[in-house]
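Chains, contacts and geometry: an overview
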Amino acid sequence: MGGRLARALARRLGRGRLRGRLREHLPAEVDGECVFCRIVDGRGDASVVASSDRAVAFLDVQPLVPGHVLVVPRAHAAHLADVEDVDGAAVWSLAGRIAAGLRAAGLAEGVNLMLADGAVAWQTVWHVHLHVIPRRRGDGLRLLAAWTRPERARLDATAEQIRAALT
């Protein structure tokens, strides 16, 4: 997180409480190349956990908790809609294996999966990547949100809007 969001969180949680806990914006490219593509082809540093012919899983260099893994398709795709179905299936399958491995290794009681698609969704590296975040009771991770409960008619109207836009 950076910029406005980081400052807002720091104000909300009190000065100094987030020191060392905000995600640093690391370069998304090295010498004009996607950092994840460099990892996929073996030219970038990474602690690889597992791989398949279509996906690679490696530890996040700024983990939320120990064992935080990123799973990426081998084929470069900047956004979720750009991922070929076979590559998306490979990422999902590998994430499932990683989740089971995290549990078996004693690093997780549960797992969160998160994929940021677009800058407004906090995507900072323009190569699709699925976060596999191990969870343990009391780990302190929280999702702060302003949850709403729209009326059914509003939900139905939104569903229709989405259906009409699907290709």
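Description of the structure in this document. Here the structure is a predicted model, which means the values were calculated and not measured. Within each chain, residue numbers correspond to sequence positions counted from 1 in written order. Residue-level local features of this predicted model are given only where pLDDT is at least 70; pairs of side-chain atoms are given and counted only at 80 or more, and the full residue set underlies all totals for whole chains, interfaces and linings. To get the side-chain values, all heavy atoms of the structure are used, and hydrogens and water are removed first.

What follows deals with the sheet that holds strand S7 (residues 130-135). With respect to topology, 5 strands assemble into an open sheet ordered S3-S4-S5-S7-S6, the strand pairing being antiparallel. Only two strands of the sheet have a single partner each, and these edge strands are strand S3 (48-51) and strand S6 (110-115). Strand-to-strand twist across the sheet, computed as the mean angle between neighbouring axes with direction ignored, equals 20°. A strand pair is defined by DSSP finding two or more bridges across the two strands. Here a helix means four or more residues in a row that DSSP labels H or I, a strand means two or more in a row labelled E, and each is numbered from the N terminus. Axis definition: a line fit to C-alpha positions, over the contact stretch in the case of helices; interaxial angles, taken between N-to-C directions, run 0 to 180 degrees.

Each Phe, Tyr or Trp ring, with Trp reduced to its six-membered ring, pairs with another whose centre is within 6.5 Å; inter-plane angles below 30 degrees give stacked pairs, above 60 give edge-to-face pairs, and intermediate values give tilted ones. Overall, the coordinates contain 1 aromatic pair when judged by the stated rule. The interplanar angle of 65° and the centroid separation of 5.4 Å between the aromatic rings of Phe-36 and Phe-58 together place this pair among those described as edge-to-face. With a gap of 22 residues between them, Phe-36 in helix H2 (residues 35-40) and Phe-58 in strand S4 (residues 55-59) connect regions that are remote in the sequence. Comparing Phe-36 with Phe-58, the two get one shared label, buried. Only protein chains enter the accessibility calculation, which uses a 1.4 Å probe. A residue is then buried if its area is under 20% of the maximum for its type, exposed if over 50%, and partly exposed in between.

It is worth spelling out the pattern of salt bridges at this point. It is possible for side chains of opposite charge to pair when their charged atoms get near one another. Salt bridges are defined as contacts in which a side-chain nitrogen from Lys or Arg sits within 4 Å of a carboxyl oxygen from Asp or Glu. What the rule picks out here adds up to 7 salt bridges. A salt bridge links Glu-33 to Arg-38, with the shortest nitrogen-to-oxygen separation between them at 3.0 Å. A salt bridge links Arg-54 to Asp-87; the nearest nitrogen and oxygen atoms lie 2.7 Å apart. Linking Arg-54 in the loop between S3 and S4 with Asp-87 in helix H3 (residues 85-104), this pair joins segments that are 33 residues apart in sequence.

Keep in mind that these numbers describe shape and distance, not what the molecule does.
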